[in-house]
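Summary of structural features
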Amino acid sequence: MSTEAETQPSTGSRKRTPSYVVQLLQRLPPLVDAARWGQAQRLTQLTDEVASLIEGSSPSLARKLRASRPLNGTRIIPPPTDLLDVLQPAIGLDDVVLPEVARDSCAALIEEQQNREALAAWNVPPCHKILLSGPPGNGKTMLAGALANALDIPFLVARYGGLVDSYLGNTGKNLDKIFEFAASGPCVLFLDEFDSIGVNRAKAGDVGELRRITNQLLLMVDRMPPHVVLVCATNQPQLVDDALRRRFDTRIELGDPSPELRMRLAMKELAPNRCNGTDLRGYASAIAADPQAGVNLDATSKACMAIRRRHALESLAAAQSGETVASGQATHQLPFGPPLPHVAL
Ligand SMILES: Nc1ncnc2c1ncn2[C@@H]1O[C@H](COP(=O)(O)OP(=O)(O)O)[C@@H](O)[C@H]1O
Ligand SMILES: [Mg+2]
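Examining the sheet that holds strand β4 (residues 187-191)
Read from one edge to the other, the open sheet built from six strands follows the order β1-β3-β4-β5-β2-β6, with strand pairing classed as mixed. Strand pairing shows two members of the sheet lacking a second neighbour, β1 (84-87) and β6 (250-253), which therefore form its edges. On average, each strand axis in the sheet is tilted by 20° relative to the strand beside it, whichever way the strands run. Seen against the sheet, helix α7 (residues 140-151) touches β2 (129-133), β3 (155-158), β4 and β5 (228-234) and runs at an angle of roughly 170° to β5.

Given below as structure tokens:
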């Protein structure tokens, strides 16, 4: 096949495109076609060819490409968009403020997922089923997305409006579709409010259909391939069925935040890189100590945002009147508490 790049003159100011780049570019149109028409085998073959071409120059990219191609024999299934959102979160793991045990569990899970094939050679599956619990606003959803970001794989978020059908029989079918799609490649599958579907069978009372869904979930979780990282979140872990709860190989509790955790978050949120170059960390200890800003980390983050907003507006007003506002000089009022003391930085 002849391409423009190949027919360019090799003399003069225009450089000749290296032949492996030409070979790469030649594979783009058939690759797009294969993806578009759901030709799994062709897509796998082309992806392997591209991975081989870039192996020498970008080995980690080649590895990622091989890991993300359709697995042998799988059909390409279009995402059930009425049941799932397919996202690529921008939030990194470093953005999530976590207790040390939680951070260690996440690091271990990421290491195991990144070395899935090496572990398979030892007949050991990587950890891939996480139950996140704790009161609202402490980062369960954020952490699930950050894991997908750290692993560089899609983040599939089940949509509850679509999933839980008033006809419970349909809920089972919807779960089937979600798990079948997730199994088609490496991803993080996130089921929020897990207690509403993984109902404790002992407490399901007469609602046989609820028990049936929990039984079905047990089977699906058992059969889930190790390249799917299942992250389930609940505010009420005691309502989740016992057998189901035992299926998770990693359990992370994000409970009420300690003053130390609130302080860490406030220091992050008020650092110059978040505040247009101004250091507002002098406010961090007052925020970390404020009971209302400490209800959960969401409230802490919002209190920091309020400080940033006030400071931005004061700086703007000062700039317009020719004055300057020093970092932390203004005595701000938290939106819900007593005035913050003047903080010298
Ligand atoms: N651990 C955390 N680290 C940093 N920010 C957090 C954390 N927990 C909560 N937040 C802030 O609160 C918001 C809501 O958190 P979210 O993940 O939705 O909580 P949950 O799912 O536990 O209810 C986040 O978008 C973030 O701004
Ligand atoms: Mg949430």
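Some details on helix α3 (residues 40-54)
Since the α-helix turns once every 3.6 residues, residues separated by three or four places project in the same direction. With 15 residues, α3 extends 21 Å between its outermost C-alpha atoms, agreeing within 8% with the 21 Å of an ideal straight helix rising 1.5 Å per residue. Within the sequence span of α3, burial applies to Leu43, Leu46, Thr47, Val50 and Ala51. Each buried residue of α3 sits inside an arc of 140° when the element is viewed along its axis, so together they form one side. Tucked inside the fold, the buried residues of α3 contact α2 (19-36) and α4 (59-68).

A closer look at the packing of α3 against α4
Helix-helix packing is characterised by the crossing angle of the two axes and by the distance between the axes. Where α3 contacts α4, the two axes come as close as 8 Å, and the packing angle between them is 170°. With respect to α4, the element α3 is oriented roughly antiparallel. Taken together, the residues of α4 that come into contact with α3 (itself represented by Thr47, Asp48, Val50, Ala51 and Ile54) are Leu61, Ala62, Leu65 and Arg66. Classifying every residue of the contact of α3 with α4 by side-chain character gives six nonpolar, one polar and two charged.

Examining the environment of glutamine 41
Relative to the helices and strands, glutamine 41 is located in helix α3. Judged by the 12 C-beta atoms lying within 10 Å of it, glutamine 41 falls in the exposed class.

Describing the pairing of β3
Neither face of β3 is exposed, since Phe155 and Val157 on one face and Leu156 and Ala158 on the opposite face are all buried. Pairing geometry for β1 and β3, over four bridges, is antiparallel. Bridged to leucine 87 within β3 is phenylalanine 155. Note that β3 and β4 share three bridges and pair parallel. Each residue of the ladder has a partner; that of valine 157, found in β4, is phenylalanine 190.

So, how was this worked out
- Residues numbered from 1 in each chain as written.
- Chains lettered and ligands numbered in written order.
- Predicted model: local features only at pLDDT ≥ 70, side-chain atom pairs only at ≥ 80, totals over all residues.
- Pairing = 2+ DSSP bridges.
- Helix = DSSP H or I, 4+ residues; strand = E, 2+ residues; numbered from the N terminus.
- Axes fitted to C-alpha atoms, helices over the stretch in contact; angles between N-to-C directions.
- Contact = placed C-beta atoms within 7 Å.
- Expected span 1.5 Å × (residues − 1).
- Buried ≥ 20, exposed ≤ 12 C-beta atoms within 10 Å, placed from the backbone.
- Arc of directions from axis to C-beta.
- Parallel < 35°, antiparallel > 145°, perpendicular 65-115°, else oblique.
- Nonpolar A, V, L, I, M, F, W, Y, C, P; charged D, E, K, R; others polar.

Interpretation note: all reported values are geometric properties and have no functional meaning in isolation.
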